[in-house]
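Breakdown of the fold
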Amino acid sequence: RPTPPQPITATVDPGSTVTSAVERLGFAPEQVVPEFGWEDDVDDPFRFAVEGVCGAEIEDDEYTGVADAVLLWFRSEDGDLGDALVDMVGVLDDGGFVVLLTPRGEDGEVDPSDIDEAAVVTGLHLAGTFNAAEGWRAHKLVAPRGGRR
């Protein structure tokens, strides 16, 4: 995987940077964050911003420990989103969250109703959707207060 450029200044929304988007999503220092669904089309500045905020490299999809947060890059052709989210919930620590990254635009875009349905099936709820990077939306999914179902 490529080495992160310095500094990260790509804009997400007017007046916003990738780093501020990562912070708004809830990433914080010393979090353990594995990544699933990585392909050549992912947004490296977003990934590097997560690493910068957390202070450590993102773990790959071979990671078997407990995670504070999970990055899931998911495209419409990647299969069943509910199944993928079940796998993500299994590695989350209490209070952890999933950041589901889906393409914006026609190529690979995931229907919002599919995201809602998959979240309900896995006992998660959508806490917000952000323009995470050029070409990608970030959907923050969290367990309901009081624990997972």
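Scroll up to find the structure this text is about.
Read on for a plain summary of the structure.

The rules we used
Residues numbered from 1 in each chain as written. Predicted model: local features only at pLDDT ≥ 70, side-chain atom pairs only at ≥ 80, totals over all residues. Heavy atoms only, no water. Core = buried A, V, L, I, M, F, W, Y, C linked by side-chain atoms within 4.5 Å. Buried < 20%, exposed > 50% of the residue type's maximum accessible area, 1.4 Å probe, protein only. Helix = DSSP H or I, 4+ residues; strand = E, 2+ residues; numbered from the N terminus. Contact = heavy atoms within 4.5 Å. Pairing = 2+ DSSP bridges. Arc of directions from axis to C-beta. Salt bridge = Lys/Arg side-chain N within 4 Å of Asp/Glu carboxyl O. Axes fitted to C-alpha atoms, helices over the stretch in contact; angles between N-to-C directions. Parallel < 35°, antiparallel > 145°, perpendicular 65-115°, else oblique. Left-handed = near helix turned anticlockwise from the far one by under 90°. Nonpolar A, V, L, I, M, F, W, Y, C, P; charged D, E, K, R; others polar.

V22, F27, F46, V50, L71, V99 and L101 are the most contacted members of the largest nonpolar core, which has 23 residues in total. Of all the elements in the fold, those that place two or more residues in this core are α1 (18-25), α2 (44-54), β2 (67-73), β3 (92-103), β4 (125-133) and β5 (136-142). If you tally residues by element for this core, the top one is α2, at five residues. Other than its neighbours up to four places away in sequence, L101 contacts F46, L71, L72, W73, F74, A132, W136, R137 and A138. Listed in part, the 20 residues of the second largest apolar core include L72, L81, L100 and L141.

With seven bridges joining them, β4 and β5 adopt antiparallel strand pairing. Pairing of T129 across the sheet is with H139, part of β5. Two successive antiparallel strands, β4 and β5, enclose a turn made up of two residues, where G135 displays a positive phi of approximately 90°.

All of the buried residues along helix α4 (residues 112-121) are I115, A118 and A119. Taken end-on, α4 shows its buried residues confined to a sector of 100°, consistent with a single buried face. Turned more than 90 degrees away from the buried face of α4 sit E117, V120 and V121, all of them exposed. Those residues of α4 hidden inside the fold are in contact with α3 (81-89), β3 and β5. The positive-phi residue at the C-terminal boundary of α4 is G123, with phi of around 80°.

Across all of its chains, the model carries six salt bridges by this definition. Linking E35 and R47 is a salt bridge whose minimum nitrogen-to-oxygen distance equals 2.7 Å. With E35 in strand β1 (residues 35-36) and R47 in helix α2, this pair connects stretches of sequence that are 12 residues apart. As far as the burial class goes, E35 and R47 line up, both buried. Note that R75 and E39 form a salt bridge whose closest N and O atoms lie 3.8 Å from each other. With R75 in the loop between β2 and α3 and E39 in the loop between β1 and α2, the pair connects residues that are 36 residues apart, well separated along the chain. On the accessibility criterion, E39 (38% relative accessible area) is partly exposed. Among the ionic contacts, a cluster of salt bridges with common partners joins E39, D41, R75 and D78.

As a packed pair, α3 and α4 sit with axes 9 Å apart at the nearest point and diverge in direction by 45°. Our classification of the angle between α3 and α4 gives oblique. For the crossing formed where α3 meets α4, the hand is right-handed. Where α3 approaches α4, its residues L81, G82 and L85 are matched on the opposing element by D114, I115, A118 and A119. The residue makeup of the contact of α3 with α4, split by class, is five nonpolar, one polar and one charged.

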